[in-house]
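# Notes for the structure review
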Amino acid sequence: PALFQMSGSQPQVGRGVPCLRCRGLCMGFEPHSWRKICKSCKCSQEEHGLSSELDDDRKIGRLLSDSKYSTLTARLKGGDGVRIYKRNRMIVTNPNISGKDPTFDTITYEWAPPGLAQKLAMQYMELIPKELQPVAGTDGAFHRRRRLTRQLPLYDQDPAQCRGLAEGEQRLMEEFVKKYKAEALGVGEVALPGQGGGGKEEEKPQDKSVEPGRAPESPNGALESAPAAGHYRCETCKQPVPGDCPVVYADRAGYSRQWHPACFVCCRCAEPLVDLIYFWKSGAAWCGRHYCESLRPRCAGCDEIIFSEDYQQVEGLAWHKKHFACLECETLLTGKPFTLANASLLCTTCSQSR
């Protein structure tokens, strides 16, 4: 039988420097003063290499601390009270008996759902598309960390990481973060159908809110009470869920709802919710980025949430007034002619020279 080892995170230091998108034409990240891009090639910082694993674990640790999911974090030794994500890594060792002498093949998953028996954890992984399984050294692990950067930007939770906050807006952001931690933030739980929350399907309150114009419906197309064995359905695809296959539960949705592992995605972008971290609103699960944008506008210049009521809007996009500027020459464009392409502003001079 396979041997399993569950462990916490093991930080890996180091970040790539050359831009991945530019294929070697840009050899180093030159940070812009307020945009989240390289000053040289205009690509995002993540195109130049992801942050370290330790930075990622610190970020999620900060997000989950001061919430009811703080048990998924641990105090960092010598870290001045900082809490770090107890990311569950899973190491699977399979015997390889094809050769003369038996050897072992070891597979490391950079993340696995915590608190599961090893067999159930492997069942869960097998229900995720192979290209998304976070096996160390594969595209799946890379895409997990890209989704982490995209879905949970640090500047959506830490005012100290923001360049767009004006005086007095830090308190507004602190209240915004405190509110979403208390009312929306969640971490999915993996269990067999009918066993979410310890099998107590109807003891936890459910969010009954629905999107405007959408008639309320029972989660499983039946009565609100717990469905009979064999009659569980996935919330996203509405297909039946086999009783012996793990599903994802979201405690803020109530335990009569469940999702196939591959169907637990953001309702806005349809991306898999990284490490099962979701935000619950209007009867649906959102990734952090799109949840925040559903409440307040996001600046197309600096990518931060806008807390001022005085901002610039063009074609459904928003900018801080001080960031409504040409991408190339940085000239402020309020009251001036400009062109807009792929969410990037250009003054008429820079547009003609392209």
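Our structure's up above, just so we're on the same page.
The structure contained in this document is the topic of the report that follows. The structure displayed is predicted, hence computed values, not measured ones.

Right, let's talk about the environment of glycine 194 for a bit. When you line up the elements, glycine 194 lands in the loop between strand 7 (189–191) and strand 8 (247–249). In this structure glycine 194 comes out as buried when scored by relative accessible area, which is 15%.

Summary: where empty space remains is shown by rolling a probe the size of a single water molecule over the atoms. Throughout the structure, instances matching the rule amount to three cavities of 30 Å³ or more. Residue lining of the largest cavity: 15 residues in total, with Trp111, Tyr124, Ile128, Arg147 and Leu273 positioned closest to the centre. Elements supplying a minimum of two residues to the lining of the largest cavity: helix 2 (118–126) and helix 3 (139–151). Partitioned by chemical class, the residues of the lining of the largest cavity number twelve nonpolar, no polar and three charged.

A separate point is the nonpolar core. Of all hydrophobic cores here, the largest spans 60 residues; its most connected members are Tyr180, Phe264 and Phe279. Of the residues forming this core, the biggest block, five residues, is contributed by helix 2. What phenylalanine 264 contacts, discounting residues up to four positions off in sequence, is Gly188, Val248, Ala250, Trp259, Pro272, Leu273, Leu276, Tyr278 and Ala285. Of all hydrophobic cores here, the second largest spans 16 residues; its members include Trp34, Cys299, Cys302 and Trp319.

Okay, the packing of aromatic side chains next. Within the structure shown, the criterion is met by 13 aromatic pairs. Aromatic side chains tyrosine 180 and tyrosine 291 sit 6.4 Å apart centroid to centroid with 90 degrees between the ring planes, which places their arrangement in the edge-to-face category. Here the residue tyrosine 180 occupies a position in helix 4 (residues 169–183), and tyrosine 291 occupies one in helix 5 (residues 288–295), the gap between them amounting to 111 residues. Assigned by exposure class, tyrosine 180 and tyrosine 291 land together as buried. Note on phenylalanine 279 and tyrosine 291: the rings are 5.2 Å apart at their centroids and 20 degrees apart in plane angle, and the pair reads as stacked. Remark: tyrosine 291 occurs in helix 5 and phenylalanine 279 occurs in strand 9 (residues 277–281); sequence separation between them is twelve residues. The residues phenylalanine 279 and tyrosine 291 share a single accessibility class, namely buried. These aromatic residues form a ring-pair network of at least three members: Phe176, Tyr180, Phe279, Tyr291 and Phe307. Sitting over the ring of tyrosine 155, lysine 36 keeps its end group 4.5 Å from the ring centre.

Rules used in this analysis
- Residues numbered from 1 in each chain as written.
- Predicted model: local features only at pLDDT ≥ 70, side-chain atom pairs only at ≥ 80, totals over all residues.
- Heavy atoms only, no water.
- Helix = DSSP H or I, 4+ residues; strand = E, 2+ residues; numbered from the N terminus.
- Buried < 20%, exposed > 50% of the residue type's maximum accessible area, 1.4 Å probe, protein only.
- 1 Å grid on protein atoms, 1.4 Å probe; cavity = no way out; pocket = protein on both sides within 12 Å on 5 of 7 lines; lining within 4 Å.
- Points joined across faces, edges and corners; volume = space filled by probe spheres on them.
- Nonpolar A, V, L, I, M, F, W, Y, C, P; charged D, E, K, R; others polar.
- Core = buried A, V, L, I, M, F, W, Y, C linked by side-chain atoms within 4.5 Å.
- Contact = heavy atoms within 4.5 Å.
- Phe/Tyr/Trp six-rings, centres within 6.5 Å; stacked < 30°, edge-to-face > 60°.
- Lys NZ or Arg CZ within 6 Å of the ring centre and 35° of its normal.

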